Amino acid sequence: RSMLHRNATVAATILTMAISAVGAQTPAASAVAQPETGPRVGDTASEVTLAGATKDGVTGMTVTLSKFRGQTVVVAFFPKARTNGCTAQMTNYRDQYATLFNGGRGVQVIAISTDPDTALASWAKEANFPVLFASDIKGDVGKLYGAYLEKQKVDNRLLFVVGPDGKITYTAKPFKAFVAESYAELGIAVKKTAGSK
């Protein structure tokens, strides 16, 4: 009887450990199974209506995505001007502008962060960035695209390529600023989208 009791105790212990292990894995499993944030390929891109800035200064005009209908638009969210990853990203965009974005012919890059438009304008001027910046101070547009990080109050580094018809053709969630392959993939996606007009 004591042998039977011991076996039952061991079995109960193993069962308890197994249940604990499953319980411990549940948060990780649910995190993996969570739905993709923001719009997906094939979705119509949400409108962008933000204050704009370029290397020539604050534009004084509202940046709207619909204004560029008929062109290919790269909507690139990034956390903060002058930080390492964001500087690497925008520097690569500048240095590869001709190949990645067809030198701006038929392709518009809108780089969005929660920085004020004045900060974006001065950064763009200092570094001669050729893209159009947009200031998402309250994170409203970032929220529409699943990019806004509530805790940090910044937009995450997500990227969307929007076709001439306003539909999303490519996403990078996140866009990896220090990985060369990210730029190669982006260039291919832009070419493919621009060629599909």
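That block above? That's the structure.
Residues numbered from 1 in each chain as written. Predicted model: local features only at pLDDT ≥ 70, side-chain atom pairs only at ≥ 80, totals over all residues. Heavy atoms only, no water.

Caption draft 1: How the structure looks around the pattern of salt bridges. A complete count under the given rule lists four salt bridges for this structure. Between Asp115 and Lys80 there is a salt bridge; the shortest N-O distance is 3.5 Å. Separated by 35 residues along the polypeptide, Asp115 in the loop between strand 4 (107–113) and helix 4 (117–127) and Lys80 in the loop between strand 3 (72–77) and helix 2 (84–95) bring together distant segments of the chain. Its relative accessible area of 45% is what places Lys80 among the partly exposed residues. Note that Arg94 and Asp95 form a salt bridge whose closest N and O atoms lie 2.8 Å from each other. With a relative accessible area of 29%, Arg94 lands in the partly exposed category. (Salt bridge = Lys/Arg side-chain N within 4 Å of Asp/Glu carboxyl O. Helix = DSSP H or I, 4+ residues; strand = E, 2+ residues; numbered from the N terminus. Buried < 20%, exposed > 50% of the residue type's maximum accessible area, 1.4 Å probe, protein only.)

Caption draft 2: The arrangement of the sheet that holds strand 4 in detail. Taken in spatial order, the seven strands line up as 2-1-5-4-3-8-9 in an open sheet, and their pairing is mixed. Edge positions in the sheet fall to strand 2 (57–64) and strand 9 (168–172), since each has one partner strand and no second. Strand-to-strand twist across the sheet, computed as the mean angle between neighbouring axes with direction ignored, equals 25°. Sheet analysis places strand 8 (residues 159–162) next to strand 9, joined by four bridges and oriented antiparallel. In the sheet register, Val162 faces strand 9, and the bridge partner there is Ile168. On the sheet, helix 2 packs against strand 3, strand 4, strand 5 (132–135) and strand 8 and is oriented at approximately 160° with respect to strand 3. With respect to the sheet, helix 4 is in contact with strand 1 (49–54), strand 2, strand 4 and strand 5, its orientation differing from that of strand 1 by roughly 30°. (Pairing = 2+ DSSP bridges. Axes fitted to C-alpha atoms, helices over the stretch in contact; angles between N-to-C directions. Contact = heavy atoms within 4.5 Å.)

Caption draft 3: Unusual backbone geometry, seen in detail. Note the cis peptide between Lys173 and Pro174, where omega equals 5°. For Pro174, the location among the structural elements is in the loop between strand 9 and helix 6 (180–194). Positioned with a positive phi, Asn102 is a non-glycine residue whose angle comes to about 55°.

Caption draft 4: Focus on the pairing of strand 5. Burial of the side chains of strand 5 extends over both faces: Leu132 and Ala134 are buried on one face and Phe133 and Ser135 on the other. Examined bridge by bridge, strand 1 and strand 5 share three bridges and lie antiparallel to one another. Counterpart to Gly52 in the pairing with strand 5 is Ala134. Here strand 4 runs beside strand 5; their pairing, made up of four bridges, is parallel. Residue pairing across strands places Ile112 opposite Ala134, the latter belonging to strand 5. Tracing the backbone out of strand 4, into helix 4 and back to the parallel element strand 5 gives a crossover that is right-handed. (Right-handed = clockwise from strand over helix to strand, strands pointing away.)

Caption draft 5: Structural view of the side chain of Asp136. Note on placement: Asp136 falls in the loop between strand 5 and helix 5 (140–144). Buried charged residue Asp136 carries no salt bridge. Nearest counter-charge: Lys143, at 8.1 Å. Of the polar contacts made by the side chain of Asp136, one reaches the backbone nitrogen of Asp140; its length is 3.1 Å. The contact partners of Asp136, leaving out residues within four places of it in the chain, are Leu50, Phe77, Ile112, Ser113, Thr114, Asp115, Val141, Gly142 and Asp155. (Lys, Arg positive; Asp, Glu negative; His and termini not counted. Polar contact = N/O pair within 3.5 Å; in protein donor to acceptor, adjacent residues only side chain to side chain.)

Caption draft 6: The packing of aromatic side chains, seen in detail. Under the counting rule described, the total for this entry stands at 13 aromatic pairs. Ring pairing ties together the aromatic residues Tyr93, Tyr97, Phe101, Phe175 and Tyr183, which thus form one cluster. (Phe/Tyr/Trp six-rings, centres within 6.5 Å; stacked < 30°, edge-to-face > 60°.)

Caption draft 7: Molecular detail of the pairing of strand 1. Two strands pair when backbone bridges link them, and strand 1 and strand 2 are joined in this way by five bridges, in the antiparallel orientation. Bridging across to strand 2, Leu50 finds its partner in Val63. Here strand 1 hands over to strand 2 after two residues, the two strands then running antiparallel side by side.

Caption draft 8: Local environment of helix 2. Compared with an ideal rise of 1.5 Å per residue, which puts 12 residues at 16 Å, helix 2 spans 16 Å between its outermost C-alpha atoms and is within 8% of the ideal. For helix 2, the complete set of buried residues consists of Gly85, Cys86, Ala88, Gln89, Met90 and Tyr93. (Expected span 1.5 Å × (residues − 1).)

Caption draft 9: Broad picture of the environment of Ala51. With respect to the helices and strands, Ala51 occurs in strand 1. The class of Ala51 is partly exposed, set by a relative accessible area of 33%. Between the C-alpha atom of Ala51 and that of Thr118, which follows or precedes it by 67 residues, the distance is 9.8 Å. Among residues more than four places away in sequence, those in contact with Ala51 are Met61, Val63, Asp117, Phe133, Ala134 and Ser135.

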